[in-house]
Amino acid sequence: MQANMVEVDCSDDDDSGALSSTVAPHALIAEASSSSTATTAPFSSRQSLPMESRNFWKAGNYAVAPINSAPLQGQLDHARVHPKFLHSNATSHKWAFGAIAELLDNAVDEICNGATFVKVDKVNIMKDGSPSLLFQDDGGGMDPEGIRKCMSLGYSSKKTETTIGQYGNGFKTSTMRLGADVIVFSRAVRSGKSTQSVGLLSYTYLRQTAQDDVIVPMVDFDIFENDVKPIIYGTQHAWDSNLRTILEWSPFECKDKLMMQFNDIGSHGTKVFIYNLWLNDEGVYELSFDEDTEDIRLRDEANRGTRQNNKISEIQSHISYRIRYSLRAYSSMLYLKKFKHFRIILRGIPVQQFNIADELRHAKRALYRPQLGIGSGEVTVETKIGFIKEAPTLKIRGFNVYHKNRLIKPFWKVTSDASSRGSGVCGVLEANFIKPAHDKQDFERSALFVRLEGKLKDMISEYWNHNCHFIGMTPPGSYIQDKVKDPQAKSQIRLDSKKLQNNQPLDGLAATTSVINRNSNQSADRLDSDALQIVIHEDGDAAMSIDEIREQNIQLLTKCEEHRQKRDALKRTVEELEKELQETKQKCAHLSAQVESRKRLHATMKQLS
């Protein structure tokens, strides 16, 4: 087999130069040529991988024939990429939704090129009726050079402050994580010249034809008015061979059906079909399209756990749980800032963006200035923190941490679930000062990350100490902190409790208020289960129950909060009125000066006359 190699720099740096057709030592993707050989068969007999390889995590388990690494005569030696690398590279995505997010990122990055939407949908393959995933946007599209960069490994031209993509690997890892094959249609206008291109990255084709290099057939066309003509870089035979391979291994049987895919793209945009989708261990599609016709779900995550009672049902209905299996829920939180002129359209229905910070109760803002090192400048990170509206009923907690507007860690629990402190507390922040991992589902565990984790723990502790009473929880310090382990002390507590219940005075106690809570589920810093709930007043008489006191306390604190808000509102009103008064005084002074000036002018003219 011979191949015309596409020279691509393996770094992340942008290279605007033309692609070379020579073989280079660092070439990574081979573009199919006329001499590429493949054993072809009817689509029905080789439409997908063998059944034992249809599960993603098993697809890389196959024998590889020895590779003759010696270059052909007249060729330069070069590093080769075996098709197995496509699979092993895609295993960086442990989660299918992480792969889908990469493709959404590509569309969002096209907003700067005029993109207004990205569509995600299921489309049935005409050849065999199997489902495929469709991603389509109306961004700037890719010209022939651009689509080759897209198909190359490790190439990225997105090193900017606003674009999400940066590693040059996301398209390959994400598409190969979702299915064995992907075909790309793109139309672009560059320097007044319109082109359209088709590229096929097929793991099935590479495996079924026993390729030992990654071959990517691509065809390009010039568009002039209504005339579409092939762009031929080498020979017509090579171009025809690429087209023939695309038709044999793609969902489209003939050139007319292939070209019809450009009809709804418009003058620019990109359409991606991912087909031969992966199956789970039970032999059914990993992605579920039938449970909800307006959503795409992760089948295994959606079916995990049984809804045994109302409490579990409530937790599983919360968005912190639904993002695990619902693409609609996950994509609604995927971007921090709400788009003004861009929509994510999932199965024909726009996704409503959601930010949990918008519905936090008793929300506060906390600032964090990370130490970035000498010469790195100063960064201020603002975190909004508060109680979810379902607190304290639901024990949801954690921080939604974004990087360049993109969700990296949803509901990151920096404190243990075993502790009641921080229950119901959530926060939102954008941490652009630390780098995400390659799959953008976590951050690199650097010193900056560790310090951020410690800071967020402190934020939760401080917020809880000052605000937990708003949800009916007792602030730290309201309970006797040490456990009562002395049997004699326990007996005295029981005796005092009986006296209180009978309105009898207590002996030898200082005039203070103490609270001992009976609750076997309390954490270790409270009294053990033998302790009784007691309230002692200065006069020694029994008081109202702790629940009644707590209720009154909440009501008083709520009123205090209302008065504080009214005070702040009045303060702002006073400031606005003072500003208006100052402006009015300035206008009066200006008008007075004009009047005086006119009087002087009038007097002067009268003297002259």
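In the annotation of an unreviewed UniProt entry, the protein chain is listed under the name Morc S5 domain-containing protein and assigned to Kalanchoe fedtschenkoi.

Moving on to the overall build of the protein chain. Summing up its helical and strand segments, the protein chain has 15 helices and 20 strands in all. Relative to its full complement of 609 residues, the protein chain shows a buried share of 47%. With the model as given, the accessible surface of the protein chain reaches about 31,700 Å², and the carbon-plus-sulfur share is 50%.

The subject of this paragraph is the pairing of strand E16 (residues 398-403). Walk down a regular strand and you will see the side chains alternate between the two sheet faces. When you tally the buried positions in E16, you get 6 out of 6 residues, the bulk of the element. Here E16 shows no split at all, with Gly398, Asn400 and Tyr402 on one side and Phe399, Val401 and His403 on the other all buried. Of the pairings in the sheet, the one linking E16 to strand E18 (residues 425-430) comprises 5 bridges and is parallel in character. Of the residues in E18, the one forming a bridge with valine 401 is leucine 429. Here E16 pairs with strand E17 (residues 406-412) via 4 bridges, running antiparallel. Counted as the bridge partner of phenylalanine 399 is tryptophan 412 from E17.

Below, the discussion takes up the sheet that holds strand E15 (residues 381-387). An order of E14-E15-E18-E16-E17 is seen for the 5 strands of this open sheet, with the pairing classed as mixed. One side of each edge strand has no neighbouring strand; the edge strands of this open sheet are strand E14 (361-368) and E17. For this sheet, the mean angle separating the axes of adjacent strands, direction not counted, is 15°. The strands touched by helix H13 (residues 447-467) are E14, E15, E16, E17 and E18; relative to E14, the strand with the most contacts, the crossing angle is about 145°.

Moving on to the nonpolar core. Counting residues in each nonpolar core, the largest one holds 119 residues, and the members touching the most others are Leu133, Ile183, Phe185, Tyr203, Leu258, Ile274 and Leu452. The dominant element in this core, judged by the number of residues it contributes, is helix H3 (residues 96-108), at 9 residues. Once you skip the residues sitting within four places of it in the chain, phenylalanine 185 turns out to touch Ser197, Val198, Phe252, Leu258, Gln261, Phe262, Ile265, Gly269, Thr270, Lys271 and Phe273.

Our focus in this paragraph is the side chain of histidine 93. Inspection of the secondary structure assignment puts histidine 93 in the loop between helix H2 (84-90) and H3. Setting aside anything within four residues of it in sequence, one finds histidine 93 in contact with Trp57, Gly98, Ala99, Glu102, Thr173, Ser174, Arg177 and Asp439.

For strand E7 (residues 218-224) and strand E8 (residues 227-230), the ladder comprises 4 bridges, and the chain directions are antiparallel. Its bridge partner lying in E8, phenylalanine 224 is registered against aspartate 227.

Attention now goes to the sheet that holds strand E5 (residues 179-190). With respect to topology, 9 strands assemble into an open sheet ordered E8-E7-E6-E5-E9-E4-E3-E12-E13, the strand pairing being mixed. At either margin of the open sheet sits one strand with a lone partner, and together these are E8 and strand E13 (349-350). Across the sheet, helix H7 (residues 236-249) is in contact with E5, strand E6 (193-202), E7, E8 and strand E9 (269-277); its angle to E7 comes to roughly 110°.

The full count for this structure, using the stated rule, is 18 aromatic pairs. Considering the side-chain rings of phenylalanine 443 and phenylalanine 449, the 6.2 Å spacing of their centres and the 40° angle between planes classify their relative orientation as tilted. We classify phenylalanine 443 as buried; its relative accessible area is 5%. A relative accessible area of 3% means that phenylalanine 449 is categorised as buried. Ring-pair connections join several aromatic residues into one group, and the members of that group are Phe185, Phe252, Phe262 and Phe273. Over the face of the ring belonging to phenylalanine 56 we find arginine 177, whose NZ or CZ atom lies 4.6 Å from the ring centre.

Between H3 and helix H5 (residues 170-178), the least distance of the axes is 8 Å, while the angle of their chain directions is 135°. Taken together, the axes of H3 and H5 lie oblique to each other. The way H3 lies across H5 gives a crossing that is left-handed. Where H3 approaches H5, its residues Ala96, Ala99, Ile100, Glu102, Leu103 and Asn106 are matched on the opposing element by Gly170, Phe171, Ser174, Thr175, Arg177 and Leu178. Each residue belonging to the contact of H3 with H5 can be placed in one class, and the counts come to 6 nonpolar, 4 polar and 2 charged.

Secondary-structure assignment places aspartate 138 in the loop between strand E4 (131-137) and helix H4 (144-151). No salt bridge is formed by the buried aspartate 138; the nearest opposite charge belongs to arginine 343, separated by 8.5 Å. A polar contact of 2.6 Å, which involves the side chain of aspartate 138, links it to the side chain of threonine 116. Look past the residues within four positions of aspartate 138 in its chain and what remains in contact with it is Gly114, Ala115, Thr116, Phe117, His268 and Gly269.

Reading the values: rules and limits
- Residues numbered from 1 in each chain as written.
- Predicted model: local features only at pLDDT ≥ 70, side-chain atom pairs only at ≥ 80, totals over all residues.
- Heavy atoms only, no water.
- Helix = DSSP H or I, 4+ residues; strand = E, 2+ residues; numbered from the N terminus.
- Buried < 20%, exposed > 50% of the residue type's maximum accessible area, 1.4 Å probe, protein only.
- Areas by Shrake-Rupley, 256 points an atom, 1.4 Å probe, with all protein chains shown as cover.
- Pairing = 2+ DSSP bridges.
- Axes fitted to C-alpha atoms, helices over the stretch in contact; angles between N-to-C directions.
- Contact = heavy atoms within 4.5 Å.
- Core = buried A, V, L, I, M, F, W, Y, C linked by side-chain atoms within 4.5 Å.
- Phe/Tyr/Trp six-rings, centres within 6.5 Å; stacked < 30°, edge-to-face > 60°.
- Lys NZ or Arg CZ within 6 Å of the ring centre and 35° of its normal.
- Parallel < 35°, antiparallel > 145°, perpendicular 65-115°, else oblique.
- Left-handed = near helix turned anticlockwise from the far one by under 90°.
- Nonpolar A, V, L, I, M, F, W, Y, C, P; charged D, E, K, R; others polar.
- Lys, Arg positive; Asp, Glu negative; His and termini not counted.
- Salt bridge = Lys/Arg side-chain N within 4 Å of Asp/Glu carboxyl O.
- Polar contact = N/O pair within 3.5 Å; in protein donor to acceptor, adjacent residues only side chain to side chain.

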